[in-house]
Amino acid sequence: ILQHSLDILSRLLKKTDSDSEEHIAVVDIFPILLQIALESEDVYLLLHTTSTLRTFIAASHKKIKERKVTKKILEVAKKMLKPETNESTAVFLGNFIIQIFSKISPKIDTDILMGIVEKIRKCRIPTIVQSLVLVYARLFHTNPDKIIGFLVETSVNNKLSLKVLLDKWLLH
């Protein structure tokens with residue numbers, strides 16, 4: 001039932017005027033959503049929570065930044081990227097991370113970048129690989145030298161991060 005409630009919250013947020021009391025009331029739920037994402041291990045709940053968080057950031061990033069929850073947002077992204085987190089929860093993760101970098105925290109978190117490479121390396125679901133590769137595609141466009149430098153300087157299981165990323169990118 002909670003998963004469906006999250007979908008309803010996303011729709012309410014999209015359908016209300018950003019200056020209305022209703023919109024602000026829905027945005028006030030955002031810290032609770034972060035807590036749910038940090039505490040839950042349920043695959044479907046994490047999947048829906050990530051989608052909802054992404055929608056909230058896209059629709060109301062200014063109001064969310066005012067709540068000073070950037071650190072918790074980054075914690076959720078890092079949790080979702082952990083190897084032990086079921087890869088099925090990552091369907092919306094790429095778009096969630098893109099929203100974080102573009103609207104919440106323009107400073108690129110290298111732990112998140114490494115987590116993406118590690119998740120891509122282990123991932124077997126093509127749509128999730130594509131979602132995560134999209135993060136790097138966006139970052140190549142905005143910060144090519146910095147991102148390529150990062151990928152050349154880091155490795156996963158004795159493989160250059162750039163090779164891991166490109167191999168999976170071209171495979172899927």
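One structure accompanies this document, and this report is about it. (Residues numbered from 1 in each chain as written. Predicted model: local features only at pLDDT ≥ 70, side-chain atom pairs only at ≥ 80, totals over all residues. Heavy atoms only, no water.)

## With respect to the packing of aromatic side chains
Logical step 1: Tallying each qualifying case throughout the model produces 3 aromatic pairs.
Logical step 2: The interplanar angle of 45 degrees and the centroid separation of 6.3 Å between the aromatic rings of Tyr136 and Phe140 together place this pair among those described as tilted. Taken together, the positions of Tyr136 and Phe140, both in helix H8 (residues 126-142) and 4 residues apart, correspond to about one turn of that helix. When sorted by exposure, Tyr136 lands in the same class as Phe140, which is buried.
Logical step 3: Ring geometry for Phe140 against Trp169: centres 6.0 Å apart, planes inclined by 5 degrees, an arrangement best described as stacked. On the criterion of sequence distance, the pair formed by Phe140 in helix H8 and Trp169 in helix H10 (residues 161-171) is long-range, its members being 29 residues apart. (Phe/Tyr/Trp six-rings, centres within 6.5 Å; stacked < 30°, edge-to-face > 60°. Helix = DSSP H or I, 4+ residues; strand = E, 2+ residues; numbered from the N terminus. Buried < 20%, exposed > 50% of the residue type's maximum accessible area, 1.4 Å probe, protein only.)

## A short note on the layout of surface pockets
Logical step 1: Taken as a whole, the largest pocket holds about 160 Å³ of empty space.
Logical step 2: Where the lining of the largest pocket is concerned, the elements lending two or more residues are helix H6 (93-104) and H8.
Logical step 3: For the lining of the largest pocket, the leading source of residues is H8, giving 4 residues.
Logical step 4: Its residues assigned to classes, the lining of the largest pocket shows 6 nonpolar, 3 polar and 1 charged. (1 Å grid on protein atoms, 1.4 Å probe; cavity = no way out; pocket = protein on both sides within 12 Å on 5 of 7 lines; lining within 4 Å. Points joined across faces, edges and corners; volume = space filled by probe spheres on them. Nonpolar A, V, L, I, M, F, W, Y, C, P; charged D, E, K, R; others polar.)

## Observations regarding unusual backbone geometry
Logical step 1: One non-glycine residue with positive phi stands out, namely Lys68, at about 55 degrees.
Logical step 2: Relative to the assigned elements, Lys68 resides in the loop between helix H4 (43-66) and helix H5 (70-81).
Logical step 3: The class of Lys68 is exposed, set by a relative accessible area of 73%.
Logical step 4: The backbone phi angle of Asn158 is positive, close to 60 degrees, even though this residue is not glycine.
Logical step 5: Looking at where Asn158 falls in the secondary structure, it is placed in the loop between strand S1 (155-156) and strand S2 (159-160).

## A word on helix H9 (residues 144-153)
Logical step 1: For H9, the complete set of buried residues consists of Ile147, Phe150 and Leu151. For H9, the arc enclosing every buried residue in end-on projection is 95 degrees, short of the 170-degree limit, so these residues lie on one face. Residues of H9 that are exposed and angled more than 90 degrees away from the buried face: Asp145 and Glu153.
Logical step 2: Of the surrounding elements, those touching the buried residues of H9 are helix H7 (110-122), H8, S2 and H10. (Arc of directions from axis to C-beta. Contact = heavy atoms within 4.5 Å.)

## Structural notes on the packing of H8 against H10
Logical step 1: The contact between H8 and H10 brings their axes to 10 Å, and the two run at 120 degrees. By the angle class used here, H8 and H10 are oblique. Remark: the crossing between H8 and H10 carries left-handed chirality. In this structure, H8 uses Val129, Val133, Tyr136, Ala137 and Phe140 to contact H10, whose residues at the interface are Leu165, Lys168 and Trp169.
Logical step 2: Split by residue class, the contact of H8 with H10 holds 7 nonpolar, no polar and 1 charged. (Axes fitted to C-alpha atoms, helices over the stretch in contact; angles between N-to-C directions. Parallel < 35°, antiparallel > 145°, perpendicular 65-115°, else oblique. Left-handed = near helix turned anticlockwise from the far one by under 90°.)

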